Amino acid sequence: MSSPLRPAIRRYAEHPFWQAVGILLLAYIVVVGVVPILPGSAIVPKSVVLQYMITVLVGVLIYVSDNEERWRQFKEPIQAVLVEPRLKVVRAVVVAGVTALVGLVAYGQVKTTVAAPPNLRSIHPAPPAEITFRGKTITLTGLENPLRRYPDSLPSYLAEGKRVYYQNCLPCHGDHLDGQGHFAPGFNPLPANFQDNGTIAQLTESFVFWRVAKGGPGLPREGTPWNSAMPVWEDFLTEREIWSVILFLYEQTGWTPRTWEKSVSGEK
Amino acid sequence: MTKRAFACVVVLITAASTPLTAHLSPLTLQDTTRGKAVYVKWCAGCHGDGGAGDGPSAAHMLPRPRNFTGAIYKIRSTASGQLPTDADLMRAIDEGLPGSAMPAWKGRLSDGERRDVAAYIKTFSSFFADTSQHVAALKFSSAPGGGTDPSALKEGRRFYEDSIHCNKCHGDEGRGDGPSAPTLKDDAGFPIYAADLHQNWRFRGGGTVEDIYRRLRTGLDGTPMPSFSDLIEQKFLTDEQLWRLAQYVRSLSPPGAPEVRDVIHAPQIAGTVPVSPDDSVWARVSRYWFPLVGQVIRKARWFAPAVSGVWVQAVYDSKTVALRVSWDDRTQSPDTAWLKFEQRILETVAADDSAPPLQAEPWPDQLAVQFPRHIPDGMERPYFLMGSETDPVYQWRWTSRPRKSVAGLARSIERFDTLPGALAGEASFDHGEWRLVFTRALATPDTANEVQLEPGRAIPMAFFAWDGSSGEHGSRMAVSTWYFLALDRPTPPGVFISPVLAMVVTLGLGLVVVRRAQRRGAARAGV
């Protein structure tokens, strides 16, 4: 069954027209299907997909027209569909299909639908130089986690941080600290994923302290404070509890905080 | 022996031995020392260092984390009262337990880590060490066909209400509102809700017909849900009839778990909008699901929300908008039959201000729909959790007793001031479901405080729900984030002109191209 097919397949695979079709299909699958599942990327917007596809198409056309013989071969199937009497049905389908497609695209362009406004949000907005924590001024610039100065007590601070995490942070940030707690699906933006290399791994502990202490309402405007479900933890936790839970976040995920001297990102 | 024959034998041996080793309790070969390390790091926060289900987060949870020391497991493939198989334990770890705080650990921990931790969990109870106990999965038949036929569902329904009396706990329509529901406790004495059979995506053991059938065969050990295997043995009902029951239960939920979409599209209708929640118009309007979660942001936080989500529909006419919100709620609160249950909930779920636990009170059910005071031009909107002093939100609030609807401004969770404007609300309660319709004029005189509902705009909207019989009142509630309401403008006929024009031009060009190519081809052939 497969052996008589093989030469046919090879004929298609070596034909410039079908190669071009294959490359376009492959590019579409990569842009729409593969890119979104890569870590740290999102669904590609339709307009960007269109740009990618046009770029690929131009590249393909340059390639096939680069060589006289290839160009002739490339045009063959197109010419055949337009001319050959035996391809009458294919010809009708192509003309009707293109017409319908143009109609659909045009309708999609003029039809008005109400969509949710784009949510442009700065994920790590610039922190203030200092904050007031329960009436006490704390300078964030240059600040390290003060608990790290007592290495002998770290196990007890970590135990405290773990307790604080499980009693407070777990419903949203989750058992695996990946922002997928059982309440996470109810919120937008989704809770921060501490396992990701783009959150605490990129931040100083003083930044994390600011985000925990002041929560969503303490964000500057570019951080969309009206959407964030992060509580103002200074209403619930003491300064030491917050530093403890920050220790726990880094310990549990294996990241190291960004430091002030070198400003290098953490390594896992 | 030829090479090929030798290869065949090797393949046969490998094929035969793989299922064999899988069958022989493979977890005994796992490393419980490594398992302990995984357990202490990832599981103990909920399940406790000693496996007693008493980790630091346990007091916030309902249902509570599993207590491994008793070796009683709800989700099994074994007979009632039996230990679970290793595969049962692995399934719970791998897939998690939907509707609870237990996540799926597949993809979060490696295969080896998950197997090691399962082996370690078994060390918390001596029952697993007792080798005289032969743990074997029940042999399950496969589902008979035609499970969605009306006759099959009717037969399933017959067993649901007449023979097995599922309705005693799960209610006549399956929303967990049966007469015995408020008395239910698990073996540890914690309150337990009879499952809402309309939300199969929250079933702990999975929501397929097969999963439901297994729960019917095995029961949920440690809970009031019994096994019905003995009824088959006693010839009280046949295996096929139990399948019909499972198929009926499955039919109560939507075909797939509801997908959350950002925008509720409200069509414009001719005539006037329906004011009654049971108007036939609603059957023809798309409904949108919005998940609600516990209010864990402001004091006093609430970790055990009773309402897991709301279904929302909207329509409008030339003057008025009608918004229908329906949600599952086991009681028409206040309901004195549920006071003891409410008390047990308040004693079980820790809260910021609940030492000593609050006294159960006959709280009503409540629902709130929230808008900004003005449709925003940019992305900025008021704080989603009931606004702030400087930027209040406009809300519609309904209570079950006294039965009334009011509009007002919320300036925080604590502060709500009613506005004089008219807001109509009509609600009906039907077997564990509230259906509520708010109607309001699109435009109102108080443009400073009341959102003006303009067609063609994305109007931010959020939802809040309270189940009084679960002790919910004040800040103890279920909340949502901002979503959007869109009053869709009807498509004007002019919109079709340009696509039709484009199609005519394309078709014409296409025909010209074909004609020219053919003429050229013919000319070439002639030469």
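Just so you know, these numbers come straight off a predicted model, no measurement behind them.

Rules used throughout
- Residues numbered from 1 in each chain as written.
- Chains lettered and ligands numbered in written order.
- Predicted model: local features only at pLDDT ≥ 70, side-chain atom pairs only at ≥ 80, totals over all residues.
- Helix = DSSP H or I, 4+ residues; strand = E, 2+ residues; numbered from the N terminus.
- Rg over C-alpha atoms; globule rule 2.2 N^0.38 Å.
- Buried ≥ 20, exposed ≤ 12 C-beta atoms within 10 Å, placed from the backbone.
- Contact = placed C-beta atoms within 7 Å.
- Pairing = 2+ DSSP bridges.
- Domains from an automatic or database assignment.
- Core = buried A, V, L, I, M, F, W, Y, C linked by C-beta atoms within 7 Å.
- Axes fitted to C-alpha atoms, helices over the stretch in contact; angles between N-to-C directions.
- Parallel < 35°, antiparallel > 145°, perpendicular 65-115°, else oblique.
- Nonpolar A, V, L, I, M, F, W, Y, C, P; charged D, E, K, R; others polar.
- pLDDT = per-residue confidence, 0-100.
- Expected span 1.5 Å × (residues − 1).
- Left-handed = near helix turned anticlockwise from the far one by under 90°.

Within chain A, the secondary structure is distributed over eight helices and two strands. Listing every helix and strand of chain A by position from the N terminus yields α-α-α-α-α-β-β-α-α-α. Its C-alpha atoms give chain A a radius of gyration of 29 Å, more than 25% over the compact-globule value 18 Å for 268 residues. Split into buried and exposed, the 268 residues of chain A put 28% on the buried side. A sequence separation of at least 24 residues applies to 54% of the contacts in chain A between residues at least 6 apart.

Scanning chain B from N- to C-terminus turns up twelve helices and 14 strands. Dimensions along the principal axes, computed over C-alpha positions, put chain B at roughly 100 × 80 × 50 Å. Here chain B holds 527 residues, and the buried ones make up 44% of them. Sequence separation of at least 24 residues holds for 67% of the intrachain contacts in chain B that already meet a minimum separation of 6.

Now for the pairing of strand E10 (residues 424–430) of chain B. All names here are of chain B. Pairing analysis gives seven bridges linking E10 to strand E11 (residues 433–441), with the strands arranged antiparallel. By the bridge assignment, Asp 430 is partnered in E11 with Glu 433. Here E10 folds back onto E11 in antiparallel fashion, the turn holding two residues, of which His 431 has a positive phi close to 45°.

Here we come to the interface of chain A and chain B. Chain A puts 43 residues into the contact, and the matching count from chain B is 50 residues. Of all the secondary-structure elements, those providing two or more residues to the side of chain A that touches chain B are helix H4 (68–83), helix H5 (88–110) and helix H6 (154–173) of chain A. The leading source of residues in the side of chain A that touches chain B is H5 of chain A, at nine residues.

A few words now on the domain arrangement of chain A. For chain A, the domain assignment lists domain 1 (2–110) and domain 2 (130–253). Of note, the centres of domain 1 of chain A and domain 2 of chain A, computed from C-alpha atoms alone, are 50 Å apart.

With that settled, consider the nonpolar core. Formed by 136 residues in total, the largest nonpolar core has its most connected members in Ile 246 of chain A together with Ala 266, Leu 292, Ala 314, Val 321, Leu 323 and Ala 465 of chain B. The contacts of Leu 323 of chain B, once residues within four sequence positions are left out, are Val 312, Ala 314, Val 369, Val 437 and Phe 438 of chain B. Formed by 22 residues, the second largest nonpolar core is a distinct cluster that contains Ala 194, Ala 195, Leu 242 and Trp 243 of chain B.

Residues and elements named next belong to chain B. The five strands lie next to each other as E2-E4-E5-E11-E10, forming an open sheet whose pairing is antiparallel. Across the chains shown, the open sheet's two edge strands, defined by having one partner strand only, are strand E2 (288–291) and E10. Neighbour-to-neighbour, the strand axes of this sheet turn through a mean angle of 20°, independent of strand direction. Where strand E4 (residues 309–316) lies against strand E5 (residues 320–328), six bridges are found, and the strand directions are antiparallel. Note that in E5 the partner of Trp 311 across the bridge is Ser 326.

All names here are of chain A. Viewed as axis vectors pointing N to C, helix H2 (residues 16–34) and H4 meet at an angle of 75°, and their least axial separation amounts to 7 Å. One element, H2, and the other, H4, form an angle in the roughly perpendicular class. Within the contact between the two elements, H2 uses Pro 16, Phe 17 and Ala 20 and H4 uses Arg 70, Gln 73, Phe 74, Glu 76 and Pro 77. Each residue belonging to the contact of H2 with H4 can be placed in one class, and the counts come to five nonpolar, one polar and two charged.

What follows covers the confidence of the model for chain A. Residue and element names in this part refer to chain A. Scored by pLDDT, chain A comes out at a mean of 90, with 95% of its residues at no less than 70. Across chain A, the secondary-structure element scoring lowest on mean pLDDT is helix H1 (residues 2–14), at 74, and the one scoring highest is helix H8 (residues 239–253), at 98. Across residues 263–268 the pLDDT falls below 50, and counting only partners more than four positions away or on other chains, this stretch makes 13 contacts in the model.

All names here are of chain B. Confidence in the prediction of chain B, expressed as mean pLDDT, is 92, and 94% of residues score 70 or more. Segment residues 5–24: pLDDT under 50, and two contacts once partners within four positions in sequence are set aside and those in other chains are kept. Among the prediction metrics, the complex's ipTM stands at 0.90, with pTM recorded as 0.85.

Here we come to the domain arrangement of chain B. Assigned domains of chain B: these are domain 1 (24–129), domain 2 (150–251), domain 3 (263–487) and domain 4 (497–526). One C-alpha centre belongs to domain 2 of chain B, the other to domain 4 of chain B; they are set 65 Å apart.

Moving on to the pairing of strand E7 (residues 393–399) of chain B. Residues and elements named next belong to chain B. Among the seven residues in E7, seven count as buried, and that is most of the element. In E7, alternate side chains face the same way, and those of Val 393, Gln 395, Arg 397 and Thr 399 on one face and Tyr 394, Trp 396 and Trp 398 on the other are all buried. Summarising the sheet, strand E6 (residues 366–372) and E7 pair through seven bridges and their orientation is antiparallel. Counted as the bridge partner of Phe 371 is Tyr 394 from E7. If you look at the hairpin formed by E7 and strand E8 (residues 404–410), you'll find four residues sitting between the two strands.

Residues and elements named next belong to chain B. End to end, helix H10 (residues 239–251) covers 19 Å across 13 residues, agreeing with the expected 18 Å (1.5 Å per residue, within 8%). Restricting attention to buried positions, one finds in H10 the residues Leu 242, Trp 243, Arg 244, Leu 245, Ala 246, Gln 247, Tyr 248, Val 249 and Arg 250. On its buried face, H10 is in contact with helix H6 (150–163), helix H8 (209–218) and helix H9 (229–233).

Residues and elements named next belong to chain A. Where helix H7 (residues 205–214) contacts H8, the two axes come as close as 10 Å, and the packing angle between them is 125°. Taken together, H7 and H8 sit at an angle that is classed as oblique. Like other packed secondary-structure pairs, H7 and H8 cross with a definite hand, here right-handed. In this structure, H7 contributes Glu 205, Val 208, Phe 209, Val 212 and Ala 213 to the contact, and H8 contributes Ile 242, Trp 243 and Ile 246. Its residues placed into classes, the contact of H7 with H8 shows seven nonpolar, no polar and one charged.

The next subject is unusual backbone geometry. As a rule of thumb, non-glycine residues mostly have phi less than zero, and peptide bonds are mostly trans rather than cis. Residue Pro 189 of chain A is reached from Asn 188 of chain A by a cis peptide bond, and omega for that bond is 5°. Within the secondary structure layout, Pro 189 of chain A lies in the loop between H6 and H7. Cis peptide bonds are those with omega within 30 degrees of zero, and the linkage from Ser 333 of chain B to Pro 334 of chain B qualifies with -5°. Considering the arrangement of structural elements, one finds Pro 334 of chain B in the loop between E5 and helix H11 (339–348). Here Arg 134 of chain A, not a glycine, exhibits a phi torsion of approximately 45°, which is positive. With respect to the helices and strands, the residue Arg 134 of chain A is situated in the loop between strand E1 (130–133) and strand E2 (136–139). Assessed through the 10 C-beta atoms surrounding it within 10 Å, Arg 134 of chain A is described here as exposed. Of note, the phi angle at Leu 177 of chain A is positive, near 60°, even though the residue is not glycine. Residue position: Leu 177 of chain A is located in the loop between H6 and H7.

With that settled, the discussion passes to the environment of Tyr 165 of chain A. Residues and elements named next belong to chain A. Take Tyr 165: it is sitting in helix H6. Separated by 77 residues in the primary sequence, Tyr 165 and Ile 242 place their C-alpha atoms 9.5 Å from one another. Not counting residues up to four positions away in its chain, the partners in contact with Tyr 165 are Leu 170, Val 245 and Phe 248.

Tracing the chain through its elements places Asp 177 of chain B in the loop between helix H7 (167–170) and H8. Between the C-alpha atom of Asp 177 of chain B and that of Asp 328 of chain B, which follows or precedes it by 151 residues, the distance is 9.6 Å.

What follows is about helix H5 (residues 111–122) of chain B. Residues and elements named next belong to chain B. Along its twelve residues, H5 runs 17 Å from first to last C-alpha, staying within 8% of the 16 Å computed at 1.5 Å per residue. Taking burial as the measure, the twelve residues of H5 include nine buried ones, the bulk of the element. Where H5 is concerned, the buried positions are Arg 114, Arg 115, Asp 116, Val 117, Ala 118, Ala 119, Tyr 120, Ile 121 and Lys 122. Each element contacted by the buried residues of H5 is listed here: helix H2 (32–42) and helix H4 (86–95).

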